[in-house]
Amino acid sequence: MRVSVATAPGGSNPNEDWVAATSTLAVVLDGLSTAGLDTGCRHGVPWYVAQLGGHLVAALAEPGRPLADGLARALDQVAALHPGCDLDNPGTPSATVSVLRAGVDSLDYLVLADSPIVFERADGHQVVTDLRVDATVPELRAEAERFATGTPEHTEAVRRMVEAQRLTRNTAGGYWVAASSGDAARHALTGAVPPADVRAVAVLSDGASRLVTEYRAASWADAFATLREDGVAGLISAVRRVEATDPEGLRWPRFKSGDDATVAFCQIS
């Protein structure tokens, strides 16, 4: 498959997304915001996603290794890199994980949390994502969405929401992300799609997918048209143009004025 990638920070802070691709593999990670809260780790989210991404690509260099097994291996390897940090802290650096791997007879996928993989078929689009996080602390999410983005009230409401969400992270009845234990890989959504049924696949962080899912400023058909006509950077630019019309998050309430955005566009045929 032919893969093109792009990633861009949502503002002045370091980009906490990560992307890599080969002719048979696309990996997108989206580091979870700490909202300024303690993580028990001295390294930070950008370090974590870079380490996890590199180890994951290496683990999946063996074609026969199941995607979830590769993720579990990478998670345990990264945990071993910083044993001096408090890996039991509920806010330990963590990330969503989305992987597409092209095999001889199938397109294998893994999705852990809410960074989607979207398959473009002749008869429409298939979206694979896990939105369990959206069901956590709904009252605190609603409170954060009451305030204009960037105000002290908004910042404090987001902090309270993230603090409460952390208590449900990687727990039964909560939501699952990549963090300090390989056990999380068992909770990923995995599957396979016949390549003959697929024209192209987009692997996205939610900072890019929100053009369709949150802002509803485009359909998936529009998004794939943009990817073909303007490239992966063009899709991120389309997100930023929409966000620029609503910098305070009044039309589209959100937790950041602009989130880190990442795209891997995989053309199958």
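Above this text is the structure in question.
Residues numbered from 1 in each chain as written. Predicted model: local features only at pLDDT ≥ 70, side-chain atom pairs only at ≥ 80, totals over all residues. Heavy atoms only, no water.

(A) Molecular detail of the pairing of strand E9 (residues 198-204). Across the seven residues of E9, six count as buried, placing the element largely inside the fold. The pairing of strand E6 (residues 117-121) with E9 spans five bridges and is classified as antiparallel. By the bridge assignment, Arg121 is partnered in E9 with Val198. Two elements, E9 and strand E10 (residues 261-267), share five bridges in a ladder whose sense is antiparallel. From the neighbouring strand, Val203 faces E10, where its bridge partner is Ala264. (Buried < 20%, exposed > 50% of the residue type's maximum accessible area, 1.4 Å probe, protein only. Helix = DSSP H or I, 4+ residues; strand = E, 2+ residues; numbered from the N terminus. Pairing = 2+ DSSP bridges.)

(B) Just the sheet that holds strand E8 (residues 189-193), in detail. The strand order across the open sheet formed by five strands is E2-E3-E4-E5-E8, and the pairing between neighbours is antiparallel. Of all the strands in the sheet, just strand E2 (17-21) and E8 have a single pairing partner and so form its edges. Taken pair by pair, the neighbouring strands of this sheet meet at an average axis angle of 10°, ignoring direction. Across five bridges, the pairing between strand E5 (residues 107-112) and E8 is antiparallel. Note on E8: the bridge partner recorded for Asp108 is Ala192. On the sheet, helix H2 (residues 67-81) packs against strand E4 (95-102) and E5 and is oriented at approximately 45° with respect to E5. (Axes fitted to C-alpha atoms, helices over the stretch in contact; angles between N-to-C directions. Contact = heavy atoms within 4.5 Å.)

Everything listed here is a matter of coordinates, which is why it stays silent on function.
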